[in-house]
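Structure assessment
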Amino acid sequence: MQEMENVMYVKNAPPLGSDPDTIFFVQVDATKCQACGECENHCATGAIQPINDEGIRQVLNPAACMNCGQCLINCPYGAIYEGVSYVNEIFEKLKDPDTIVVSMPAPSVRYGLAECFLRPVGTYAGGKMHAALKALGFDYVWDNEFTADVTIMEEGTELIERIAKPDKEKPLPQFTSCCPGWIKFVESFYPDLLPHVSTCKSPIAMLGPLAKTYGAHETHCRPEKIYTVSIMPCIAKKYEGLRQEMADSGFRDIDATIDTRELAYMIKRAGINFETLPDRKPDPILGQSTGAATIFGNSGGVMEAALRLAYEKLSGKTLKDPAIKLVRTREGINTAEIDVPNFGTVKVAVASGLTNAAKLCDEVRAKMADYHFIEIMTCPGGCVNGGGQPVDPEVRTASLARKIRLAMTRRTGSAIQKGEII
Ligand code: SF4
Ligand code: SF4
Ligand code: SF4
């Protein structure tokens, strides 16, 4: 490993006030690396590279890494590990009677968790997930789907405002803002495009402060006693939770972030029998949601949900069929034109993966893109295939792309189906 100044390896929770740009959220175990180069095929920024003549890879500099974890879940030899884990700290907080521990699971976690308990890829396990969180001892099981809905309202409203009156500070096209891998990417490589990025926070960046303000008020808890745990399909969300500006509640909005794999590990370590858990709903106040929130985890889902709102506001008509299938995408770039009565045509694009995001950014930078709205998700197919989701065992047996795509299709299809019926 190269010696670098001002970078951190932290095994557990980073010290308070840590700069997330100095932390290695993923790194290669050189003793396990077989120099196959597969990780580089999944990295859009060149952050992971050979460090010697044998071709052993490493993440060279945390500032260049978007923390997406796609290298980790696609390494056939299991040589890439996560550098930050809040698991031990969360177990300590759960034992502390003086701390109110709040869980905030993302939409996609419930489409990945059951795989860790040997259920087929794409199995929906929302009820068991909520039950497991309660069994682990969380005082409140609130749900990030609540603020996925809020995000749609905010982002859809902002889109309508931009369409009505685009200006220098809020130009068109509007980019989505909920994916922290994408946000770090645009900040690092296309800072001139930041006015195009929606000013809305991500769903978890809304739920953290809501938990410590509205949630604290409604449950008669003192906010300083509340410890918020973000549960994500994603490693980049650990980075997001540590961003300095995530303190709108007057406290750290997000105290800890774990991913789907770590939640499964916690359930197993606590000796909970996941299979026999009865389904449970999230706790009220910050637990309700709609199907629009559910499809958030799928590439094109944020776009589809925001368009449902924009369509009805712009046209004054009710959508007969809320499924705007044109914008659903699993890989690459998808573009669509939606005819909106009383308005005209809304042009949209959905990009899956940062290499595709860069193509759209180049078009926007060159003023060659006449879209109104662009959704970017760092992970192929969206969060259902995030870097914090279970690793498909078949990846480890090295047949790779076709099987990864199969897993992706099954998780994505499951999320879409559920989102349409809620
Ligand atoms: S994919 Fe894994 S084994 Fe292959 S080069 Fe990358 S880290 Fe090494
Ligand atoms: S986490 Fe993502 S950006 Fe970082 S090295 Fe891996 S693939 Fe590249
Ligand atoms: S697509 Fe989802 S899982 Fe992947 S980096 Fe973005 S927020 Fe995380």
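Residues numbered from 1 in each chain as written. Chains lettered and ligands numbered in written order. Predicted model: local features only at pLDDT ≥ 70, side-chain atom pairs only at ≥ 80, totals over all residues. Heavy atoms only, no water.

All residues in the neighbourhood of ligand 3 are listed as Cys 179, Pro 180, Pro 233, Cys 234, Met 377, Thr 378, Cys 379, Cys 383 and Gly 386. If you map ligand 3 onto the pockets, it falls in the second largest cavity. (Near = heavy atom within 4 Å. 1 Å grid on protein atoms, 1.4 Å probe; cavity = no way out; pocket = protein on both sides within 12 Å on 5 of 7 lines; lining within 4 Å. Sits in = over half its atoms within 2 Å of the grid points.)

Mapped onto the secondary structure, His 372 falls in the loop between helix H12 (354-365) and strand S12 (373-377). You can call His 372 buried: its relative accessible area is 15%. (Helix = DSSP H or I, 4+ residues; strand = E, 2+ residues; numbered from the N terminus. Buried < 20%, exposed > 50% of the residue type's maximum accessible area, 1.4 Å probe, protein only.)

What follows concerns the environment of Gly 287. Structurally, Gly 287 can be placed in the loop between helix H9 (260-269) and helix H10 (291-294). In this structure, the C-alpha to C-alpha distance between Gly 287 and Phe 146, residues 141 residues apart in sequence, is 5.7 Å. Apart from residues no more than four positions distant in its own chain, Gly 287 is found in contact with Asp 143, Phe 146 and Pro 282. (Contact = heavy atoms within 4.5 Å.)

Spatially, 4 strands are ordered S6-S5-S8-S9 in an open sheet, and the strand pairing comes out parallel. Unpaired on one side and paired on the other, strand S6 (140-141) and strand S9 (256-259) mark the two borders of the sheet. By the bridge criterion, 2 bridges tie strand S5 (residues 100-105) to S6 in an arrangement that is parallel. Bridging from a neighbouring strand, Val 102 pairs with Tyr 140 of S6. Of the strands in this sheet, S5, strand S8 (226-232) and S9 touch helix H3 (residues 87-95), which is tilted by about 140° from S8. (Pairing = 2+ DSSP bridges. Axes fitted to C-alpha atoms, helices over the stretch in contact; angles between N-to-C directions.)

Within a regular strand, the side chains alternate between the two sheet faces. S12 sits mainly inside the fold: 5 of its 5 residues count as buried. In S12, alternate side chains face the same way, and those of Phe 373, Glu 375 and Met 377 on one face and Ile 374 and Ile 376 on the other are all buried. Note that strand S7 (residues 174-175) and S12 share 2 bridges and pair parallel. When the sheet's bridge partners are listed, Gln 174 is paired in S12 with Phe 373. In terms of strand pairing, strand S11 (residues 344-352) meets S12 through 5 bridges, oriented parallel. The residue of S12 that forms the bridge with Ala 349 is Ile 374. The handedness of the S11 to S12 crossover, carried by H12, is right-handed. (Right-handed = clockwise from strand over helix to strand, strands pointing away.)

Pairing geometry for strand S10 (residues 332-340) and S11, over 9 bridges, is antiparallel. Note that in S11 the partner of Glu 337 across the bridge is Lys 347.

Time to look at empty space enclosed by the protein. Tallied over the full model, the rule gives 3 cavities of 30 Å³ or more. In this structure, the second largest cavity occupies an estimated 110 Å³ of space. Taken together, 16 residues make up the lining of the second largest cavity; nearest its centre are Cys 179, Cys 234, Thr 378, Cys 379 and Cys 383. Those elements giving two or more residues to the lining of the second largest cavity turn out to be helix H6 (180-189) and helix H8 (236-242). When grouped by side-chain class, the residues that make up the lining of the second largest cavity number 10 nonpolar, 5 polar and 1 charged. Summarising the domain contributions, the lining of the second largest cavity has at least three residues from each of domain 2 (87-146 + 203-288) and domain 3 (152-200 + 297-385). (Points joined across faces, edges and corners; volume = space filled by probe spheres on them. Nonpolar A, V, L, I, M, F, W, Y, C, P; charged D, E, K, R; others polar. Domains from an automatic or database assignment.)

Shape is all these values report; function is a separate question.
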